[in-house]
Amino acid sequence: MALLNLDIKRAKKILGLQPKPFKFEVIAAPEKKFEETIVFVPFFFGKKEHMKRHVEFVNELGYDAAVFTLSVHKKFILSKIPFDSELGWGLKHQWTREISEVLDKIPGNKIIFSFSNPTSSALEAMALRKVKDVRALICDGGPFYDLLKCNWNYFTYEYPMGNLPKKLAANFVARTIWTPKHEDELHRDLSALPARFPILSIRGWKDPLVPPSAIEKAFRAHSHLDLDVLNLPDGKHLDGLKNQAEIYRPKVLEFLAFHSKKI
């Protein structure tokens, strides 16, 4: 019987029915110059290894960096979508809890550096924790409205679907799995941030997945925020540090330095 149970557990893991254990790690700067830790929230299907270029960048500046992989599987099963009694239905809320866990376990003040749609989970985690020890937010390629349109772009360019019916079905399932009230919840969480909370929004003008207009819509009703925008004229989706470093690096450096405390 014990052997049978072991085989069932192994089969569930292979099929994607069980999330992998959630872990994070802190990568220390060679010479720590600032009190804050930069917490990186990866993009959809992103892994902590994908943060390597950004981690090296902030480590060079003198910041410790926290990285992790959000628990997700490419084989979505509707019956396994997480439900949180407080936050509701959807993968977004599972990620909110994981981001909150990381923030709770890292001592001292933090600056969040998030990518694409998971920025919505980061904002929900910040609102859930009353912002608390988060000093600022850098968001690259998100958050955004027009989720159905951006998902459509994803299934067109990033993960192409074979035909129109498949693409329509995939878009519906992706929206359902994420959270049915994406725009309402995003508006709520941005509204919960305190007045003059600093945000650096990074937008690629040639982004085929998330047009700058979708990001602009998310922030339009939130004039209480201290919003700074970095426009990348030749930027695509999340490629700024790689392909436009001469614009990306100095702006991010300036923002971080202004909202950090030197040791």
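Report follows, based on the coordinates. Owing to the predicted nature of the structure, the values given are computational and were not obtained by experimental measurement. (Residues numbered from 1 in each chain as written. Predicted model: local features only at pLDDT ≥ 70, side-chain atom pairs only at ≥ 80, totals over all residues. Heavy atoms only, no water.)

### Some points on the packing of aromatic side chains
Part 1 of the reasoning: Going through the model one piece at a time under the given rule, you end up with 10 aromatic pairs.
Part 2 of the reasoning: Look at Phe-44 and Phe-45: their rings are 4.5 Å apart centre to centre, the planes differ by 45 degrees, and that puts the pair in the tilted class.
Part 3 of the reasoning: Phe-44 gets classed as partly exposed once you look at its relative accessible area, which sits at 26%.
Part 4 of the reasoning: Site record: aromatic cluster; members linked through ring pairs are Phe-44, Phe-45, Trp-95, Tyr-154, Phe-155, Tyr-159 and Trp-178. (Phe/Tyr/Trp six-rings, centres within 6.5 Å; stacked < 30°, edge-to-face > 60°. Buried < 20%, exposed > 50% of the residue type's maximum accessible area, 1.4 Å probe, protein only.)

### Some details on the pattern of salt bridges
Part 1 of the reasoning: Here the structure, examined in full by the defined rule, presents 19 salt bridges.
Part 2 of the reasoning: Note that Glu-185 is salt-bridged to Lys-92, the shortest N-O span being 3.1 Å. With Glu-185 in helix α7 (residues 182-191) and Lys-92 in helix α3 (residues 91-105), the pair connects residues that are 93 residues apart, well separated along the chain.
Part 3 of the reasoning: A residue is classified by how much of its surface remains accessible, and Glu-185, at 8% relative accessible area, is buried.
Part 4 of the reasoning: With a shortest N-O distance of 3.6 Å, Asp-226 and Arg-196 are connected by a salt bridge. Residue Asp-226 is located in strand β9 (residues 226-232), and its partner Arg-196 is located in the loop between α7 and β8 (198-204); the two are separated by 30 residues in the primary sequence.
Part 5 of the reasoning: Several salt bridges converge on common partners, so that one network encompasses Lys-92, Glu-124, Glu-185, Arg-188 and Asp-189. (Salt bridge = Lys/Arg side-chain N within 4 Å of Asp/Glu carboxyl O. Helix = DSSP H or I, 4+ residues; strand = E, 2+ residues; numbered from the N terminus.)

### Some details on the nonpolar core
Part 1 of the reasoning: Ile-99, Ile-112, Leu-193, Phe-197 and Ile-199 are the most contacted members of the largest nonpolar core, which has 38 residues in total.
Part 2 of the reasoning: No other element matches α3, which puts five residues into this core.
Part 3 of the reasoning: Discounting chain neighbours no more than four positions away, the residues touching Ile-112 are Val-39, Val-41, Leu-103, Ala-122, Met-126, Val-134, Ala-136, Leu-137 and Ile-138.
Part 4 of the reasoning: Residues Ala-65, Val-67, Leu-241 and Val-252 belong to the second largest nonpolar core, which totals 26 residues. (Core = buried A, V, L, I, M, F, W, Y, C linked by side-chain atoms within 4.5 Å. Contact = heavy atoms within 4.5 Å.)

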